[in-house]
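Here is how the chains run, residue by residue.
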Amino acid sequence: MLGNLIQQTVNALTIGSIYALIALGYTMVYGVLRMINFAHGEMFMLGAYVAFLALSLLVGDVGMSGALALTAAFLVAIFLVGLIGVGIERVAYKPLRSSTRLAPMLSSLGVSLSLVTGVQILAGPQPVAFPSFFPVVRYQVMGGTITLMQIGILIAAFVLMFGLHVLVNRSRIGIIVRAVSESRPTAQLLGINVNGAISMVFFVGPLLGAAGGILYSSYYGIMSPSMGAVIGLKAFTAAILGGIGSIPGAMLGAFILAFIEVWGTALLPLVTNGVLGTEYRDVLAFAILILVLLVRPAGILGEAVSEESTVYKREF
Amino acid sequence: MAAADTLAAARPRANRTISWLVFAIAIALIMATPFLPNYHVRVLNSLLIYILLGIGLNIVIGYTGLLDLGFVAFYAVGAYSYGLLASPQLGLHMPFLLILLVAACLGAVTGILLGIPVLRLRGDYLAIVTLGFGEIIRIIINNLDWLTGGPQGIARLDKASILGIQIARPIDFFWLLLITVLIVGTVVWRLERSILGKAWAAIREDQDAARGIGINTTNAKLAAFATSATIGSIAGAIFAASQRFVSPESFTLQESVLIVLMIVVGGIGNIFGIVAGAAILILLPELLREFAEWRILFLGLLMISLIIARPAGIVPRSFGPEKLIRGLFGK
Amino acid sequence: EQITVGMSAPLSGAQAYFGSTWHNGFKLYVDRLNADGGVNGVTIAYDQQDDKADPREGTLVAQKFCDNDKVVLGLVNFNSGVAQSTLPIYEDCTLPTMTFGSNPSLTKQGYKFMVRPVANDLAGALLPAEYALGKLGAKTAVIVNDKQVFGQGISEIFAKNFETGGGKVLDTIAVAPSDVDFTAVLAQIKSKKPDAIYLGAVMPQLALFAKQMHEQGIAAVLMVPDGGYTPDLIKQAGEANIQGTLVAIQVPPMDASPEIADFAKLYKAKYGEEAGPYSIYGYVQGQILEQVLKTTKGLTREDLNAALHAVKAKTVVGELEFDETGELKVAPSYLYKVEGTGFHLVGSK
Amino acid sequence: MTLVFQSLRKVYGEVVAIDDVSTDFAPGMIHGVIGPNGAGKSTLINMTAGSYTVSSGSITLDGKRLDKLKKYQIANSGIARTYQNIRLFDQMSAIENLEVCFYPAEVAAAWSEVIWPPYANAQRRRRREKCMEILRFFDLQGYADVDAGGLPYGRQRMLEIARALVANPRVLLLDEPAAGLNHHETAELTAKLTALRSPDRIMIVVEHDMDLVMTLCDSIIVMHHGKLLFRGTPSEVQASTDVQLAYLGTANDIDDIRAAAQDRRAQLGIRTRRRS
Amino acid sequence: MTSTTSGPLLRIAGLSSGYGRVGVLEAISIDVDPHEIVVILGPNGAGKTTLLNSISGVARPSAGSIAFEGRDITGMRPEQVVRLGITHCPEGRQIFQRLTVEENLVAAHIGRGGKSFEALRAEVFELFPVLKERRNGMASRMSGGQQQMLAIGRALMAEPKLLMLDEPSLGLAPKIVHQIFRIILDLSRNGISILLVEQNVQLALECGDYAYLLNTGKVKLHGPAQEMAAHSALREHYLGGASEDVLHV
Ligand SMILES: Nc1ncnc2c1ncn2[C@@H]1O[C@H](COP(=O)(O)OP(=O)(O)OP(=O)(O)O)[C@@H](O)[C@H]1O
Ligand SMILES: Nc1ncnc2c1ncn2[C@@H]1O[C@H](COP(=O)(O)OP(=O)(O)OP(=O)(O)O)[C@@H](O)[C@H]1O
Ligand SMILES: CC(C)C[C@H](N)C(=O)O
Ligand SMILES: [Mg+2]
Ligand SMILES: [Mg+2]
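As the structure is a prediction and not an experimental result, all values here were calculated from the model.

Novice: Account for the overall build of chain B, with residues named and values stated.
Specialist: Counting secondary structure elements, chain B contains 14 helices and four strands. By the compact-globule yardstick of 20 Å for 331 residues, chain B fits well, its C-alpha radius of gyration being 20 Å. Seen through its principal axes, chain B has C-alpha atoms that stretch 75 × 55 × 45 Å. Taken across its 331 residues, chain B has 65% of its residues classed as buried. Taking contacts inside chain B between residues at least 6 apart in sequence as the whole, the part at least 24 apart equals 77%. Total accessible area on chain B is roughly 11900 Å²; 73% of this is exposed by carbon and sulfur atoms. In chain B, 24 side chains carry a positive charge and 17 a negative one; their mean positions are 9 Å apart.

As structure tokens, then:
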């Protein structure tokens, strides 16, 4: 039983780490542009595809091998996807900065659709086996099995998240990004390079998403053009749950969601005596989300802004 | 000053031309429909259903300014009302009109049930919760096998008939849908111009200030949700009657998003915008059917370009039914 | 003279691979027929449409075929869910179809204009149940399904067969079709210690499940339906994780007979890749059509429908004929076991 | 009929914005509220209008508790307000901004408007007529069909006051109505507000423009650090040294600045330039 | 303090400008000399803010030129303008509410003139001690006057040669208004030229050296501040409805 408990906890932490990486990208973009970026899940997908491509080139054409090739492919992929993110922002969102909030959101939907179909056309619609980025090593911890890969994912995710936290809260760049997120016109007046800051966000967000995508694909062993959709939705949910715009919130939301999913699967049939099976897991997740938002309408760590101090005009 | 005068004089004339053009095309299309092959009629029917859904959702998004990503839940409620009440599933074979009424009521009730908990939420939080609500409804339908048939859905639904007239062929549904769209469209348009519609607009612009002038925003928003849900539900019942098969696959999140997209691409807050948006997003892929995956890529790119070219939608907010009527008959 | 066959299947999206390779098999045969001058001078054109595995799209395609007088036969709908909503339309316009959806209920609704040239899920779920009970001596099983038309349908039939044969179903668990992580479900299954697990789902879930099942150290034998009959299953799950998994499908091994081997070669030559899981049935449907054209009175939809129901076609999977509901009288079905990097036949019917 | 604050407190975290304020406002008068920035003036308005909750104490109108009501209920009890930062319905025309205020009274008949066009038309005409009258009072009739968001700033301020008047409120709360207005507009505003004085209306004006406050108000309360520092007539307020110290500053201030300015000119050796 | 040329620090000649297709300013000419405090007066909607926006690159000029230290800056992007030494302290404070006081200062420090952040911060803190007290508090928690001080302090972090203040006394208590004006004088003493938009005419003219009166996008009147204060035409113009030609005092 203890083994099972440990096992489930480790599983939840692994899934949670991946959700968190993607949720962070969501939250960053949201924080700066107040935009729900539907194409963010596709950055996750691109991460896997680009890494796959890079890996086959490095191993096949350059003749690199082993850990070196894997590391190189990982870095190349997240960097490239970061650049793609910047490019997408320039083309599809920048022209819409001064229009309603719905416009960039739906433009991102178009981007998402185009990217998924584009990859489907180029690489085929069916899922493809993805190489493992970690050697298969298992550790037995008090009856639970932990793989090296899980440990790797956890470490990678935490390192990236910590880096982001420092970047946003401690560095001047972070302060500037937050300033831009609050008021673009004022930031501009103060000599802040607003486009630079936004590009920065659209570099880091997709980069994190891509890292999540590579870790994910390597954990589950497959990638597919449509893999961004579901996970993107989950990350979005996590970001909202934690309080969108808040970086610790995104992480917290991601881990909570992962734990709900894992424990929900295990406990729902037990608790309801089989009336509600695992198939109701997502119902449980959404129900908890709704309950949390009813108590804290701005998410767990989101700052509840009082009515008159922040003027909410036209939310959409 | 002089330039402004000519402009002002030119505008009604331009308006008149456009109005008559729009009117003529619509009439021509309607007159031609009985002579079109069934496939085309079916495509038009599909278009009309989406227009109906768009009109419904637009109340919440366009008029009241609340982003609802779970609209498809009401569509499902309507469709399953027909599925359950007019099929061998429960052995009930109720008449179509009665079911329509039941569906409308159920829709309103679901709308209010959704509305009550979520009305405190703002913006994106509302969006995710409505999205979650849509998913919850779909998952429940998918899992209540004993009632809804689960993923297998409900097949062999009755053919619909109204007062003894059977509604079975695509063209029958065309007329039914056309009439429904006209009635619902008119009601919604008049509703928008009523004091309630004004309150919705005020909530959209600044809900705190709206409360400050004495608007019970909870009730006004509930009214919006309920009306919108009723329309979605009616669309669902007609959809089920025409498809004669319902299954959870028809009520996915993508469907909700498609309707939002239609509204925004066409021109938010404007009934004619919905028609334009539906035409582009429903007809175009059908016309490009031969191109398989390329058509979806094309659609994605088109979406981006359209939104960038016209962020406020294809049809300007100002060109509404009023403008059309004035252009046709007025001053 | 020329007739047109309307073909409808998912050609875009996640299931496109199944749809297009199935159609390719048909096109392969028909193109060869046409090259030989057709059947009794009748050549065959085809109108291939994408239904996106979506019922709504399916009905529009169906209507399109119905409206087109040249279309006199339909080779339609890979997915039972889509077929469910298109069949009434085909029935209304008297367009005979060879339906590919495998859900048993399709033939039980009294449609007069459809046949199903492939074994339904009743057959598909029988072999594995018999094999598990008989050959493997399994006494208990856990059923997992993805709550989709196909997955749920076939796993329910398996469960019935397994229990009729004396086995005990310990639990039935549903997962979401979008799930990729089964660790929580597997932990639950592990505690029940079943002899066998039946997974009614499609790729890539089959591979993911197998992989994670192995990683969690569950020893039960895994049985999956036809969607798993693809090299991707082994590749994506990882060779070590999938050994011994049983896959049931209507398709014979590609080396079962010289004709089948021939087909596989022709396919590869034409499309530059190995035949897809259902390509051979496309080919078989071509052979059925040839026989229909040989025996039909005329080229109207009614004539072809009559001929189709009366057909006795010699095909690469054996001689096929239909009963009055449109179901195959003898439906071939096969059971494979994953060994090494390939599938080895362990049973057939 | 009076508006009464009883031991009112408002706390944000550790910040005590309003600290035990008790006072009352009589009808037929214009009450000024002044005080340094952050003294709690807007907080008072916001609590009275229900925008902020009350931490403790009570607000009553004619003995009826307001602070337990919802914001819209407070509005419907006859309290109308304007905001320190203008909050109009930007994409609605000026007249629609006023028409929508009929909602509480007429929403019950909304469906009749939908179903019976003649009724709807009559209703609309009547509403428009009433609103036009108010617009005319504020010289805004020319802007009736212009989107509120597109009006010049000064007009927006006026429109916001006009909107507050539609429901013929018993209590009118104005938060810095003259902020950003020039002298001319301020004078205009003063005249309008004087005309709005009525025997059973309580008007409360928060304002930093002393000319306006002193000419307009009958009674003034001075807030300081969340407390009520002083209450009296304009001349009493001006005479109070406490108020001068905390808020107004003294006449010396101006002299100081004048001296500092001269100092600076001398220091920098600035010559008066003349150019065409 | 480096004023190299002997000409004006800022020279605006024949500037027309506006937003999108909306024209606001028409052929405006304005000069600011080194060390000067130049006051811009005018009724609401006159175009005062638009003038500052045009200088700082937010509004796009359609004709005319803006030169700073003899260098043409017409149509430059805001961040470039700031880097040249013009800082715009916008109307309505516009501080970053969700940043702390100190972070507000960090965001505005662009390292233009070479002083370290610490040095600049110390200068600002000296000018506004209350900011030092509240340095780690959220900016949104401060009162209006304190926020105004932060806004000015923040603008100083860019080490401007020319500081443009848009209605710094808006919404401030009279006492604080006086304080702000004293600070403006101090800044000027320290060598910063100032372009001041104000509604508080009396105080502005008291402190200023030269003044321009704008109405409906045009310069209606200009002259030395002291003389403007005495000018009867000022009142007349201020109230609107004056003749078309430009008056010189
Ligand atoms: N939402 C809030 N959260 C925390 N503190 C707040 C909030 N709103 C106001 N305060 C604090 O409450 C006090 C009173 O603020 P209030 O806005 O009432 O002042 P005011 O008198 O209207 O000032 P001003 O003349 O500058 O408008 C101030 O110290 C302010 O910082
Ligand atoms: N962003 C904008 N887009 C279009 N027009 C604008 C914009 N900002 C201001 N205007 C218009 O430009 C004109 C001048 O406005 P501006 O803000 O420059 O005036 P101002 O003199 O600063 O007035 P105030 O004293 O109210 O601050 C006004 O008619 C205004 O409506
Ligand atoms: C194998 C499955 C993907 C499809 C199956 N033939 C069905 O009937 O739906
Ligand atoms: Mg205030
Ligand atoms: Mg201004």
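Novice: Explain the site of ligand 2 to me, using residue names and the numbers behind them.
Specialist: All names here are of chain E. Residues in contact with ligand 2 amount to 13 residues; listed here are only the nearest, Asn 44, Lys 48, Thr 49, Thr 50 and Glu 91. Here ligand 2 loses 66% of its free accessible area of 640 Å² to cover by the protein chains. For the shell around ligand 2, the per-class residue count stands at four nonpolar, six polar and three charged.

Novice: A description of the site of ligand 3 should follow, citing residues and the corresponding values.
Specialist: Residue and element names in this part refer to chain C. By nearness alone, every residue bordering ligand 3 is listed as Gln 15, Phe 78, Asn 79, Ser 80, Gly 101, Ser 102, Phe 150, Val 202, Asp 226 and Tyr 278. A distance of 2.4 Å separates an oxygen atom of ligand 3 from a polar side-chain atom of Ser 80. Here an oxygen atom of ligand 3 sits 2.9 Å away from a polar atom, N or O, in the main chain of Ser 102. Burial of ligand 3 by the surrounding chains reaches 95%, relative to a free accessible area of 290 Å². A class-by-class count of the residues in the shell around ligand 3 yields four nonpolar, five polar and one charged.

Novice: Can you tell me about the pattern of salt bridges, naming the residues and giving the values?
Specialist: According to the stated counting rule, one finds 58 salt bridges over all chains in the structure shown. Across the salt bridge formed by Arg 182 of chain E and Asp 256 of chain D, the nearest N and O atoms sit 3.7 Å from each other. Of the two residues, Arg 182 of chain E sits in helix H7 (residues 174-189) while Asp 256 of chain D sits in helix H12 (residues 251-268), which places them in two different chains. One salt-bridge network, held together by shared partners, links Arg 295 of chain B together with Asp 50, Lys 52, Arg 56 and Glu 57 of chain C.

Novice: Which residues make up the interface of chain B and chain A, and what are the values?
Specialist: Counting from both sides, the interface comprises 45 residues of chain B and, opposite them, 50 residues of chain A. Both faces considered, chain B and chain A share a buried interface measuring about 4300 Å² in area, 72% of it formed by carbon and sulfur atoms. Contact with chain A buries area across many residues of chain B, yet Asp 124, Tyr 125 and Ile 128 of chain B alone supply 16% of it, more than any other trio. At the boundary of chain B and chain A, one finds zero salt bridges. Along the contact surface separating chain B from chain A lie two residue pairs in polar contact (both at pLDDT 80 or more).

Novice: I'd like to hear about the state of the cysteines, residue by residue, with values.
Specialist: Scanning the entire structure with this criterion turns up one disulfide over all chains. The partner cysteine of Cys 66 of chain C in its disulfide is Cys 93 of chain C, sulfur to sulfur 2.0 Å. Given an S-S torsion of about -55°, the disulfide between Cys 66 of chain C and Cys 93 of chain C has left-handed geometry. Of the two residues, Cys 66 of chain C is situated in helix H2 (residues 55-67) and Cys 93 of chain C in the loop between helix H3 (80-92) and strand E4 (97-99); the sequence distance between them amounts to 27 residues. The pair formed by Cys 66 of chain C and Cys 93 of chain C is uniform in burial state, with each residue classed as buried. Unpaired in this structure, Cys 207 of chain E has its nearest cysteine sulfur neighbour in Cys 89 of chain E, at a distance of 16 Å.

Definitions and limits used
Residues numbered from 1 in each chain as written. Chains lettered and ligands numbered in written order. Predicted model: local features only at pLDDT ≥ 70, side-chain atom pairs only at ≥ 80, totals over all residues. Heavy atoms only, no water. Helix = DSSP H or I, 4+ residues; strand = E, 2+ residues; numbered from the N terminus. Rg over C-alpha atoms; globule rule 2.2 N^0.38 Å. Buried < 20%, exposed > 50% of the residue type's maximum accessible area, 1.4 Å probe, protein only. Contact = heavy atoms within 4.5 Å. Areas by Shrake-Rupley, 256 points an atom, 1.4 Å probe, with all protein chains shown as cover. Lys, Arg positive; Asp, Glu negative; His and termini not counted. Charge placed at Lys NZ, Arg CZ, Asp CG, Glu CD. Near = heavy atom within 4 Å. Nonpolar A, V, L, I, M, F, W, Y, C, P; charged D, E, K, R; others polar. Polar contact = N/O pair within 3.5 Å; in protein donor to acceptor, adjacent residues only side chain to side chain. Salt bridge = Lys/Arg side-chain N within 4 Å of Asp/Glu carboxyl O. Buried area = accessible area lost by both parts, 1.4 Å probe. Disulfide = S-S within 2.5 Å.

Interpretation note: all reported values are geometric properties and have no functional meaning in isolation.
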